[in-house]
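Take a look at the letters that make up each chain.
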Amino acid sequence: RVIDSHIHLWPPSPTHPEYPPWIPPSSNQSSYPRSIDDYTRATNPHGISPVRTAVYVETDRPIGLGADVTALGEWAAGPLAEAQFIREVVETQRESDVPIKGLVLWAPVDRGVESFKAYVELLKGKLGTTFGLVKGWRFLLQGLEMEELKKVVEGEGFEKVLGECRGRWAFDVGVDARGKGVWQLESVVEVVERFNLGHDTGVTFVLNHLCKPDMIQSPTTPKQKSDFERWKTCITRFAKVKAVYMKLSGAFSEMPDQDPARPQCAEDIIYHMRPWLDHVFAAFGPERIMFGSDWPVCNMRGPGADRSWRHWRDVVKQALDVYGLSDKEKDRIWFGTADEAYRL
């Protein structure tokens, strides 16, 4: 049984003005449409999907610059439109589709707790009963420069918003060690430690995509080795904090492009990933690792839209054998960890 803890969908118009900024419109591998039906077929084109439940994760819609809470519906129009889109998806799903049972939606964590509360109330109106599927929030940090990121995560408003999440919602952490630098992890782990250490009830943090380490090649140069050690240190610190989970997802995006005609076999991919996987499994253990596909982004550098999901599933399946996990531990990664972290 499988919970896919990280999928994206978007509307069917190729001229949609809010194309996810991390997906180039010219990309054939992730072109429109990306529906729940497309996703279901990607997991098994010939029969019943192995996925019991999927968690939809927001797609970083652009927002306006206005800071006035009364203009919330204007500067948050993009994320609110996405919420309306996913409500329609949920309400019109077919019985044969993988059911979406969890939503991780965008939230204005950078604008203070009053803006966050006002946004939540507005979202409740947009979503109706579908609001009950909201299990977490995300505000992507991975595209921010150092001063921008520090301004967000070190602000009083950010910590107050996290306080609103305690015991109710998870917060997904999207940072980019390869694209921006390990300093992003170092900035965020300090906040996570400060917020959760010493608390009986911590905020649930879910780390996306192994924190996007540089897996283009094994660390060989002095800088690569230094970045790898800094990444390891951050992962260890994250893992020592209560209620922090790791998504085993997004790896294809941080590795060399695969040739659709001759994709790498699962064994070779695992061998390539061993330095990073060894540390993640040692630090978090199966109790706090969850499977995620990052579909359809996994298509971009994976072996193609018709096989990337299943290829990543096979990589994870063989990796769990490599690490000698029991059936119970495997089930935890495939199903139990996401079920717990997102309160599905």
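Since this is a predicted model, take the numbers as computed values, not measurements. (Residues numbered from 1 in each chain as written. Predicted model: local features only at pLDDT ≥ 70, side-chain atom pairs only at ≥ 80, totals over all residues. Heavy atoms only, no water.)

**Observations regarding the overall build of the chain**
Part 1 of the argument: Within the chain, the regular secondary structure consists of twelve helices and eight strands.
Part 2 of the argument: A compact globule built from 344 residues would reach a C-alpha radius of gyration of about 20 Å, and the chain, at 19 Å, matches this within 12%.
Part 3 of the argument: When the backbone C-alpha atoms are referred to their principal axes, the chain occupies close to 55 × 45 × 40 Å.
Part 4 of the argument: For the chain, buried positions account for 55% of its 344 residues.
Part 5 of the argument: Summarising the internal contacts of the chain: among those between residues at least 6 apart in sequence, 81% fall at separations of at least 24.
Part 6 of the argument: Of the roughly 14400 Å² of accessible surface on the chain, 50% is carried by carbon and sulfur atoms.
Part 7 of the argument: Where the 43 positive side-chain charges of the chain centre and where its 48 negative ones centre are 3 Å apart. (Helix = DSSP H or I, 4+ residues; strand = E, 2+ residues; numbered from the N terminus. Rg over C-alpha atoms; globule rule 2.2 N^0.38 Å. Buried < 20%, exposed > 50% of the residue type's maximum accessible area, 1.4 Å probe, protein only. Contact = heavy atoms within 4.5 Å. Areas by Shrake-Rupley, 256 points an atom, 1.4 Å probe, with all protein chains shown as cover. Lys, Arg positive; Asp, Glu negative; His and termini not counted. Charge placed at Lys NZ, Arg CZ, Asp CG, Glu CD.)

**So, the nonpolar core**
Part 1 of the argument: Counting 99 residues, the largest nonpolar core has Leu-9, Tyr-39, Trp-137 and Phe-284 as its most contacted members.
Part 2 of the argument: Residue contributions to this core peak at nine residues, all from helix 9 (residues 266-284).
Part 3 of the argument: The contact partners of Leu-9, leaving out residues within four places of it in the chain, are Arg-34, Ser-35, Ile-36, Tyr-39, Tyr-56, Thr-59, Phe-85, Ile-86, Val-89, Ile-100 and Trp-295.
Part 4 of the argument: In terms of nonpolar packing, the next biggest core, distinct from the first, is built from twelve residues, Val-55, Val-57, Ala-170 and Val-206 among them. (Core = buried A, V, L, I, M, F, W, Y, C linked by side-chain atoms within 4.5 Å.)

**Considering the packing of aromatic side chains**
Part 1 of the argument: Applying the stated rule across the entire model yields 16 aromatic pairs.
Part 2 of the argument: Both rings, one in Phe-252 and one in Trp-312, keep their centres 5.4 Å apart while their planes meet at 75°; by these two values the pair is edge-to-face. Here Phe-252 is found in the loop between strand 7 (244-248) and helix 9, whereas its partner Trp-312 is found in helix 11 (residues 308-322), with 60 residues between them in sequence. As far as burial versus exposure is concerned, Phe-252 and Trp-312 are alike and both buried.
Part 3 of the argument: Each ring, one from Phe-281 and one from Tyr-323, has its centre 4.4 Å from the other, and the planes form 10°; the classification is stacked. Of this pair, Phe-281 sits in helix 9 while Tyr-323 is found in the loop between helix 11 and helix 12 (327-341), placing the two residues 42 residues apart along the sequence.
Part 4 of the argument: Owing to a relative accessible area of 21%, Tyr-323 belongs among the partly exposed residues under this scheme.
Part 5 of the argument: Members of the aromatic cluster, each reached through a chain of ring pairs, are Trp-75, Trp-106, Phe-116, Tyr-119, Trp-137, Phe-139 and Trp-169.
Part 6 of the argument: Taking NZ or CZ as reference, Arg-1 lies 3.9 Å from the ring centre of Phe-335, over its face.
Part 7 of the argument: Above the ring of Trp-75, the side-chain terminus of Arg-111 is found at 3.8 Å from the ring centroid. (Phe/Tyr/Trp six-rings, centres within 6.5 Å; stacked < 30°, edge-to-face > 60°. Lys NZ or Arg CZ within 6 Å of the ring centre and 35° of its normal.)

**Examining the side chain of Thr-130**
Part 1 of the argument: Residue position: Thr-130 is located in the loop between helix 4 (113-127) and strand 4 (134-138).
Part 2 of the argument: For Thr-130, the residues in contact, after removing those within four places along its chain, are Arg-87, Val-90, Glu-91 and Leu-103.

**Some points on the sheet that holds strand 6 (residues 204-207)**
Part 1 of the argument: Taken in spatial order, the eight strands of this open sheet run 1-2-3-4-5-6-7-8, and their pairing is parallel. Each edge of the open sheet is held by one strand with a lone partner, namely strand 1 (2-7) and strand 8 (289-291). Across this sheet, the average inter-strand angle for adjacent strands is 25°, counted without regard to direction.
Part 2 of the argument: Bridge count between strand 6 and strand 7: three bridges; the pairing is parallel. (Pairing = 2+ DSSP bridges. Axes fitted to C-alpha atoms, helices over the stretch in contact; angles between N-to-C directions.)

**A few points about the packing of helix 6 (residues 156-165) against helix 7 (residues 183-196)**
How two helices pack is summed up by the angle between their axes together with the distance between the axes.
Part 1 of the argument: In contact at an axis separation of 12 Å, helix 6 and helix 7 are set at 55° when each is read in the N-to-C sense. Comparing the axis directions of helix 6 and helix 7 gives the class oblique. Note on packing geometry: the crossing formed by helix 6 with helix 7 is right-handed. Contact with helix 6, carried on its side by Phe-158, Glu-159, Leu-162 and Gly-163, involves Val-191, Arg-194 and Phe-195 of helix 7 and no other residues of that element. (Parallel < 35°, antiparallel > 145°, perpendicular 65-115°, else oblique. Left-handed = near helix turned anticlockwise from the far one by under 90°.)

**Focus: the UniProt feature "domain: Amidohydrolase-related" (unreviewed entry) in the chain**
Part 1 of the argument: In this numbering, the UniProt entry assigns the feature "domain: Amidohydrolase-related" (unreviewed entry) to residues 202-344.
Part 2 of the argument: Along residues 202-344 one finds 50% helix and 8% strand; the C-alpha atoms at either end are 18 Å apart. (UniProt positions renumbered as here; feature names shortened; annotations may be inferred.)

**Let's talk about helix 11**
Part 1 of the argument: End to end, helix 11 covers 21 Å across 15 residues, agreeing with the expected 21 Å (1.5 Å per residue, within 8%).
Part 2 of the argument: Among the residues trailing helix 11, Gly-324 stands out with phi positive, at a value near 65°. (Expected span 1.5 Å × (residues − 1).)

**Here's the deal with helix 4**
Part 1 of the argument: Spanning 15 residues, helix 4 covers 21 Å between terminal C-alpha atoms, matching the ideal 21 Å at 1.5 Å per step.
Part 2 of the argument: Buried within helix 4 are the following residues: Val-113, Ser-115, Phe-116, Tyr-119, Val-120, Leu-123 and Leu-127. Each buried residue of helix 4 lies within a common arc of 145° when the element is viewed along its axis, so the set occupies one face. Facing away from the buried side of helix 4 by over 90 degrees, the exposed positions are Glu-114 and Gly-125.
Part 3 of the argument: Buried residues along helix 4 sit in contact with helix 2 (72-75), helix 3 (77-91), strand 3 (100-106), strand 4 and helix 6. (Arc of directions from axis to C-beta.)

**Observations regarding the environment of Arg-313**
Part 1 of the argument: Checked against the element boundaries, Arg-313 lands in helix 11.
Part 2 of the argument: Residues Arg-313 and Phe-291 lie 22 residues apart in sequence; the distance between their C-alpha atoms is 8.6 Å.

**Considerations on unusual backbone geometry**
Part 1 of the argument: In this model, Trp-295 is joined to Pro-296 through a cis peptide bond whose omega is 0°.
Part 2 of the argument: One non-glycine residue, Cys-211, lies in positive phi territory at about 65°.
Part 3 of the argument: Among the secondary structure elements, Cys-211 is positioned in the loop between strand 6 and helix 8 (222-239).
Part 4 of the argument: Phi is positive for Ala-243, which is not a glycine, with a value near 65°.
Part 5 of the argument: As for its placement among the helices and strands, Ala-243 is situated in the loop between helix 8 and strand 7.

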